[in-house]
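Below, each chain spelled out in residue letters.
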Amino acid sequence: MAILITGGCGYIGSHTCLELIRAGYDIAVLDNYCNSKPEVLGRIRELAGRDFPFFPCDIRDEKALRAVFDAVPVQAVIHFAGLKAVGESVRDPLAYYDNNVGGTVTLCRVMQQAGCRCIVFSSSATVYGKDNPSPLREEMPVGRVENPYGRTKYIIETLLQDLCASDPAWSAMLLRYFNPIGAHESGRIGEDPAGIPNNLMPYIAQVAVGRLEQLSVFGNDYNTPDGTGVRDYIHVTDLARGHVAALAYALRHTGAEAVNLGTGKGCSVLELVHTFERVNGIPVQYRIAPRRPGDVDVCYADPAKAARLFGWRAEKTLDDMCRDSWRWQSLNPQGYDA
Ligand code: NAD
Ligand code: UDP
């Protein structure tokens, strides 16, 4: 039996493929390449030292999805496939509801028909909204979300909880990620955003490599020690290992569980910039710019539940994250296009 990884060619999916193989799982991957490149598959295979089945498939295409489940006996699904750009979701909510919510409904229907009732889902800290104070805990109220992207995550969490309530054979892990950064330590796979990056670390890395001129630091008048926004940055390899641990738990239990995957430590924008400069010996040009609408002062996890439930905690440091982000960016200045 294999673990099917939807969106396995993406940033977090590609790292999770490797960690699953390392942990001894057989995997199968599907992706429609709407935000990734076929090149990544060769690199995962090269790093893993073995092959695995890949299906170029859209999760909204029920017939194609059924063919995947016919071709491979699937024990569980790790579901990364989705659109993730907040601004784009405000401009084009239908694309987000269709892809993220519609796609997940189709995926769950096909899983159910195939007798596969175990799913690990990529949710986000964004479901906590603006009102909850950090450290954020899983039992805090969720759903007062600011944008359509975040609402699709909340809706999918709710739908998976409803599915588990309807049928005690279902098992769903709702993994609430904080801010994944970094790359595989080999520098062979990493984050390769299309166009100008929305997120802080890929922006810093592209300034450092000379693709972008200057970072805009969005606001220095937040209620934080240095005035810039504080987030919980987590190494993508730690995050990937969190999926392996959550999967093992999901395969042994039923019902729905929401679990934070974060370090529990906050880091400001300027702290991240200066850590990157120090660790890599490279200056990063920046200027202070106005606040970005919708941003909160502080957002970090209480990661205790993941430790209690499945023995996982983040191990890598901010220095590791900055070093590995730079190794990936400097070895692949144009991402997978090179
Ligand atoms: P990503 O865009 O790199 O990966 C997503 C992958 O899914 C891409 O390869 C894309 O081509 C594929 N995909 C999208 N829609 C698809 C569809 N309909 N059918 C098949 N494949 C499809 O994103 P990522 O950063 O790796 O994030 C993975 C998941 O984690 C997403 O669901 C995202 O919302 C969630 N998440 C990410 C972050 C983050 O900061 N990166 C934070 C919280 C949650
Ligand atoms: N940020 C910034 N400049 C950028 C991108 C992000 O100052 O070009 C800040 C942003 O305001 C927030 C932090 O960096 O305080 C993390 O933003 P990101 O978009 O990476 O993640 P978010 O937590 O918003 O999902």
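Look a little higher up for the structure.
Rules and cut-offs
Residues numbered from 1 in each chain as written. Chains lettered and ligands numbered in written order. Predicted model: local features only at pLDDT ≥ 70, side-chain atom pairs only at ≥ 80, totals over all residues. Heavy atoms only, no water. Near = heavy atom within 4 Å. Polar contact = N/O pair within 3.5 Å; in protein donor to acceptor, adjacent residues only side chain to side chain. Areas by Shrake-Rupley, 256 points an atom, 1.4 Å probe, with all protein chains shown as cover. Helix = DSSP H or I, 4+ residues; strand = E, 2+ residues; numbered from the N terminus. Axes fitted to C-alpha atoms, helices over the stretch in contact; angles between N-to-C directions. Parallel < 35°, antiparallel > 145°, perpendicular 65-115°, else oblique. Left-handed = near helix turned anticlockwise from the far one by under 90°. Contact = heavy atoms within 4.5 Å. Nonpolar A, V, L, I, M, F, W, Y, C, P; charged D, E, K, R; others polar. Buried < 20%, exposed > 50% of the residue type's maximum accessible area, 1.4 Å probe, protein only. Pairing = 2+ DSSP bridges. Salt bridge = Lys/Arg side-chain N within 4 Å of Asp/Glu carboxyl O.

Some remarks on the site of ligand 2
Item 1. Around ligand 2 sit 15 residues in total, of which Ser216, Phe218, Arg231, Arg292 and Asp295 are the nearest.
Item 2. One of the backbone N or O atoms of Ser216 is found 2.7 Å from a nitrogen atom in ligand 2.
Item 3. At 2.6 Å, a side-chain N or O of Asp295 approaches an oxygen atom of ligand 2.
Item 4. Calculation on ligand 2 without its partners gives an accessible area of 510 Å², and the protein chains cover 86% of this total.
Item 5. Only α7 (200-208) and β8 (215-218) provide two or more residues apiece to the shell around ligand 2.
Item 6. Broken down by element, the shell around ligand 2 gets its largest block of residues, 4 residues, from β8.

Here's the deal with the packing of α7 against helix α11 (residues 318-331)
Item 1. Axis separation between α7 and α11 bottoms out at 10 Å; the angle between their running directions is 55°. The angle between α7 and α11 places the two elements in the oblique class. Both α7 and α11 take part in a crossing whose hand is right-handed. Residue-level inspection shows Met201, Pro202, Ala205, Gln206 and Ala208 of α7 in contact with α11, the latter providing Met321, Cys322, Ser325, Trp326 and Gln329.
Item 2. For the contact of α7 with α11, the class distribution of residues is 7 nonpolar, 3 polar and no charged.

What about the pairing of strand β1 (residues 2-6)?
Item 1. Burial within β1 is extensive, with 5 of its 5 residues counted as buried.
Item 2. The alternating pattern of β1 places Ala2, Leu4 and Thr6 on one face and Ile3 and Ile5 on the opposite face, and all of these are buried.
Item 3. Note that β1 and strand β4 (residues 74-79) share 5 bridges and pair parallel. In the strand pairing of β4, Leu4 is matched with Val77.
Item 4. Both β1 and strand β2 (residues 27-31) contribute to a ladder of 4 bridges, which runs parallel.

Looking at the sheet that holds β1
Item 1. Strand order across the open sheet formed by 7 strands is β3-β2-β1-β4-β5-β6-β11, with parallel pairing between neighbours. Each edge of the open sheet carries a strand with a single partner, namely β3 (54-56) and β11 (255-261). For this sheet, the mean angle separating the axes of adjacent strands, direction not counted, is 15°.
Item 2. Strands in contact with helix α8 (residues 236-252) are β1, β4, β5 (118-124), β6 (171-177) and β11; relative to β6, the strand with the most contacts, it is inclined by about 160°.

Considering the pattern of salt bridges
Opposite charge on two side chains permits them to pair, given that their charged atoms come into close proximity.
Item 1. Counted under the stated rule, the structure contains 23 salt bridges.
Item 2. Across the salt bridge formed by Glu62 and Arg109, the nearest N and O atoms sit 2.9 Å from each other. Residue Glu62 is found in helix α3 (residues 62-71), and its partner Arg109 is found in helix α5 (residues 93-114); the two are separated by 47 residues along the sequence.
Item 3. One salt bridge connects Asp167 with Arg117, and the closest N-O pair in it is separated by 3.1 Å. Remark: Arg117 occurs in the loop between α5 and β5 and Asp167 occurs in the loop between α6 (148-166) and β6; sequence separation between them is 50 residues.
Item 4. In this structure Arg117 comes out as partly exposed when scored by relative accessible area, which is 26%.
Item 5. Through salt bridges with shared partners, a single network forms among Glu19, Arg22 and Arg241.

Notes on the site of ligand 1
Item 1. Taken together, 27 residues are adjacent to ligand 1, and Asp31, Asn35, Ser36, Lys84 and Tyr149 come closest.
Item 2. Backbone polar atom of Gly10 to an oxygen atom of ligand 1: 3.3 Å apart, as the coordinates give it.
Item 3. For ligand 1, an oxygen atom lies 3.0 Å from a polar atom in the backbone of Cys34.
Item 4. Where the shell around ligand 1 is concerned, the elements lending two or more residues are α1 (11-22), β5 and α6.
Item 5. The element best represented in the shell around ligand 1 is β5, accounting for 3 residues.
Item 6. Split into classes, the residues belonging to the shell around ligand 1 amount to 12 nonpolar, 10 polar and 5 charged.

Digging into the sheet that holds strand β14 (residues 298-299)
Item 1. Across the sheet, 3 strands lie side by side as β12-β9-β14; this open sheet has mixed pairing. Edge positions in the sheet fall to β12 (267-268) and β14, since each has one partner strand and no second.
Item 2. Bridge count between strand β9 (residues 230-231) and β14: 2 bridges; the pairing is parallel. Paired with Arg231 across the bridge in β14 is Cys299.

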